[in-house]
Amino acid sequence: MGGNVKTTNSHIRNIAIIAHVDHGKTTLVDAMFSQSGVFRTGEVVEERVMDNMDLERERGITIAAKNCSVVWKGVRINILDTPGHADFGGEVERALSMVDGALLLVDASEGPLPQTRFVLSKALALGLKLILVINKIDRSDARPAQVLSEVYDLLIDLDAREDQLEFPLLYANGKAGVALKGLGDSGRDLSPLFETILEQIPGPSYLPGAPFQMMVSDLSYSDYLGRLAIGKVQNGAVRAKDRLCCLGEGSRERELSVGRLQCYEGPALKDVEEAGPGEIVVLSGIDEVHIGDTICSREALLGGKALPPLHRLMVDEPTVSMRFSANTSPLNGQEGRFVQFSKLRERLAKECRKNVSLRMEDLETGEGCLVKGRGEFQMVILIETLRREGYEMTVGRPEVIFRREGGGITEPVEHLYIDCAEAYQGAVTEKLSRRRGIMLSYLSHSAGRVRLEFSIPSRGLIGYRDEFLTDTKGTGLINSYLSGYEAYRGDFPQRANGSLVADRSGEAVPYALFNLEPRGRLFILPGMPVYEGMIIGEHNRGIDLNVNPCKTKKLSNMRAAGKDEAVTLTPVLPMTLEAAIQFIREGEQVEVTPRSIRLRKALLTAQDRKTAQR
């Protein structure tokens, strides 16, 4: 096997791009594609080509980690675009397991923000080589010197090693496709960035002469090729049609036969005959394989020359759970293609196989399943993806996952960052303290804004983000990351107001809704179908109220003394999935279909709810 001395493949570089949401990493990748010759002259290319999911384009964020590559001076640079949100931590951990270095991208005005911290801590723990790129230097409020100081503070706070603090520094304008080694330099392209990657990021290391070995870091699916296993070749080489073996959890062996072998060329896949150490490859035609499995040469295993299985990919435990069940409302089956729970369960199981940060458990009652994940936002994206695929379902309120440690109960705690106008800090602080939040720091900025930091239980943030936007008139910024588990901080009041609940089925009538407006805030419009147990609004008081939204005006053959008043209803904001999930409380659910989002009681009839209450 050539001994145990590793060597590096100088023809390849594997890097991940780390950045907070909206700091410009996907735009920078676009420029790298353009300048490295990935696209032919005159080819029409969409902006943010790596954000290929509809949800990513709509929200302007990266949700799934994606692979691509560029070639610069004969060296293939494999780039992994990582999500900037902590809720997609499983995607980050998978991506970082395949790289040898990271590009830390920071906005020249905003500086390093909470989600940067989360991904960066993972990269530092793996000992990855860093390159700092301060992006958007063309902004009028850019402050690169202060941002560099903040990055150093963050790295020191994360216990970075001395060699990790000695990183190369570049300045960039990703939109214009320009990188500079110094602020006073004149630049026309990204050449300094490409050169720095080749000089500073080491090539992937491997054991010369060792048999083929790779770890499955990601899974995908193709309608033509079946399941796809994605990972970095750790040792040896692999060819199409090779006979391989998969070592699963507990070193269980399964024979595999590779149908096709592919590597990344730009954002697309290209068939290759052979791939060597350090390459990020896609193996197709493999059925039974899971993330974290080791794939190796079958012949080497039989001949006793195989290396031990690679260290299995480990991810942080889930912190939030949600109940998923079939849609049992009277309106079920009218808008979706998949309404049976068996179909929904099958699709959720498939998602859990692809996403290592998700777990699924069947409920003992047999009426649904419990899906566990990293955060409320990850659950929202999962539900939105399912409804766009044609699934109907009912989901419950997100609940944090408690642990029993040392005879007591511990709960997940978030480190919360708030940036808002000084005028709103009182309302924000009062509500967060009510939710068991503890203020850690207070910093006053110029232009009348303050930055606040809190330690708050994860359950305290469920349902708070909409309130925060209302309290700050839409001008506040809120970010958080999981800081760990702490002793249970005690109960606190949840939603103060009750619900307006329909007491019969039918169609909402303008006259009825007009007379219900003084009772609270409505969620429905005239003409919408309603059913008994459906939540049609928020009550002004703390109790639920059964109402009749289908009531029409009584007609008589007597002429009225004056003409009837015109019914003018207050405009109703369309119910979003996030708002619905944050609004519901215990005993309430969200009915999700491809075309509608409705709120409902878990028990639809008023009699059933009274019986359960007793």
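Whatever comes next refers back to the structure up there.
Described in the following lines is the structure provided in the data block. (Residues numbered from 1 in each chain as written. Predicted model: local features only at pLDDT ≥ 70, side-chain atom pairs only at ≥ 80, totals over all residues. Heavy atoms only, no water.)

### Quick word on the overall build of the chain
This is how it is decided: Note on conventions: DSSP H or I runs of at least 4 residues are helices, E runs of at least 2 residues are strands, and numbering of each starts at the N terminus. Buried, partly exposed and exposed residues are distinguished by accessible area as a fraction of the type maximum, computed with a 1.4 Å probe on protein chains only: under 20%, between the cut-offs, and over 50%, respectively. Contact definition: two residues touch when any of their heavy atoms are within 4.5 Å. A 1.4 Å probe and the Shrake-Rupley method give the accessible areas. Residues count as covered only by the protein chains that appear here.
Counting its regular elements, the chain contains 16 helices and 38 strands. Out of the 614 residues in the chain, the part that is buried amounts to 53%. Here the contacts in the chain between residues at least 6 apart in sequence split such that 72% fall between residues at least 24 apart. Taken as a whole, the chain presents about 28700 Å² of accessible surface, with 49% of it coming from carbon and sulfur.

### Remarks on unusual backbone geometry
Located in the positive-phi region is K136, a residue other than glycine, with phi close to 60 degrees. For K136, the position within the fold is in the loop between β6 (129-135) and α5 (144-157).

### Notes on the state of the cysteines
Selection rule: Here, a disulfide means two cysteine sulfur atoms that sit within 2.5 Å of each other.
A full pass over the atoms with the stated rule returns zero disulfides. Counting only cysteine sulfurs, C369 is the nearest neighbor of C352, a cysteine outside any disulfide, at a range of 8.1 Å. With a relative accessible area of 16%, C352 lands in the buried category.

### Regarding α5
Keep this limit in mind: One fewer than the residue count of a helix, multiplied by 1.5 Å, yields its expected span. As used here, the arc is the angular range of directions from the helix axis to the C-beta atoms.
Here α5 spans 20 Å end to end across 14 residues, near enough to the 20 Å set by a 1.5 Å rise per residue. Looking at α5, one finds that the buried residues are P144, V147, L148, V151, L154 and L155. Along the axis of α5, the buried positions cluster into a sector of 120 degrees, meaning they face one direction only. Residues of α5 that are exposed and point over 90 degrees away from its buried face: A145 and I156. Positive phi shows up at D159, right after α5, with a value of about 60 degrees.

### Let's talk about the pairing of β6
Heads up, the condition is: Here, any two strands with at least 2 DSSP bridges between them count as paired.
A large share of β6 lies buried, amounting to six of its seven residues. One ladder, built from three bridges, connects β6 with strand β7 (residues 169-173); its direction is parallel. Within β7, the position partnered with V133 by the bridge is L170.

### Details of the nonpolar core
The following threshold applies: In this text, buried Ala, Val, Leu, Ile, Met, Phe, Trp, Tyr and Cys residues form a nonpolar core when linked through side-chain atoms within 4.5 Å.
Membership of the largest hydrophobic core comes to 39 residues, with the highest contact counts inside it found for L120, L132, V151 and L155. Among all residues touching L120, those that are not within four sequence positions of it are I18, L104, L130, L154, L155 and L158.

### Overview of the side chain of S284
For clarity, the threshold we go by: Here a polar contact means two N or O atoms within 3.5 Å. Within protein one must be a hydrogen donor candidate and the other an acceptor candidate, and residues neighboring in sequence count only if both atoms are side-chain atoms.
The residue S284 is located in strand β19 (residues 280-284) in this model. Classification of S284 as buried rests on a relative accessible area of 2%. In terms of polar contacts, S284 uses its side chain to reach the backbone amide nitrogen of R260, at 3.0 Å. Those residues in contact with S284 that sit more than four places away from it in its chain are L225, R227, L228, S257, V258, G259 and R260.

### Observations concerning a nonpolar patch on the surface
Here is the rule: Like charges are joined within 9 Å and nonpolar side chains (Val, Leu, Ile, Met, Phe, Trp, Tyr) within 5 Å, but only among residues with over 30% relative accessible area and no salt bridge; these make up the patches. Salt bridge, as used here: a side-chain nitrogen of Lys or Arg that lies within 4 Å of a carboxyl oxygen of Asp or Glu.
Taken together, the side chains of F402, I409 and Y488 present a nonpolar region at the surface, about 260 Å² in accessible area. Looking at the secondary structure, you find Y488 in the loop between β30 (477-487) and β31 (499-502). Take Y488: its relative accessible area is 35%, and that puts it in the partly exposed class.

### Some points on the packing of aromatic side chains
Spelled out, the test is: Only Phe, Tyr and Trp rings take part, Trp by its six-membered ring, and two of them pair if their centres are within 6.5 Å. Stacked means planes under 30 degrees apart, edge-to-face means over 60, and tilted covers everything else. Cation placement over rings: the criterion is NZ of Lys or CZ of Arg within 6 Å of the ring centroid and within 35° of the ring normal.
Going through the model one piece at a time under the given rule, you end up with six aromatic pairs. Centroid distance F402 to Y488: 5.7 Å. Interplanar angle 75 degrees. Geometry classified as edge-to-face. Of the two residues, F402 sits in the loop between β25 (399-400) and β26 (403-405) while Y488 sits in the loop between β30 and β31, which places them 86 residues apart along the sequence. Overall, the relative accessible area of 39% leaves F402 in the partly exposed class. For the ring pair Y464 and F468, a centre distance of 6.0 Å and an interplane angle of 50 degrees mean the geometry is tilted. Placement of the pair is Y464 and F468 together in helix α13 (residues 464-471), with a separation of four residues, close to one helical turn. In this structure Y464 comes out as buried when scored by relative accessible area, which is 0%. The residue whose ring lies beneath R403 is Y485, and the NZ or CZ to ring-centre distance is 3.8 Å.

### A short note on helix α10 (residues 376-388)
Between its terminal C-alpha atoms α10 stretches 19 Å, which fits the 18 Å expected from 13 residues at 1.5 Å a residue. Burial of α10 is extensive: eleven of the 13 residues sit out of reach of the surface. Residues of α10 that are buried include every one of E376, F377, Q378, M379, V380, I381, L382, I383, E384, L386 and R387, and no others. Looking one or two places after α10, you find G390, whose phi comes out positive at around 100 degrees.

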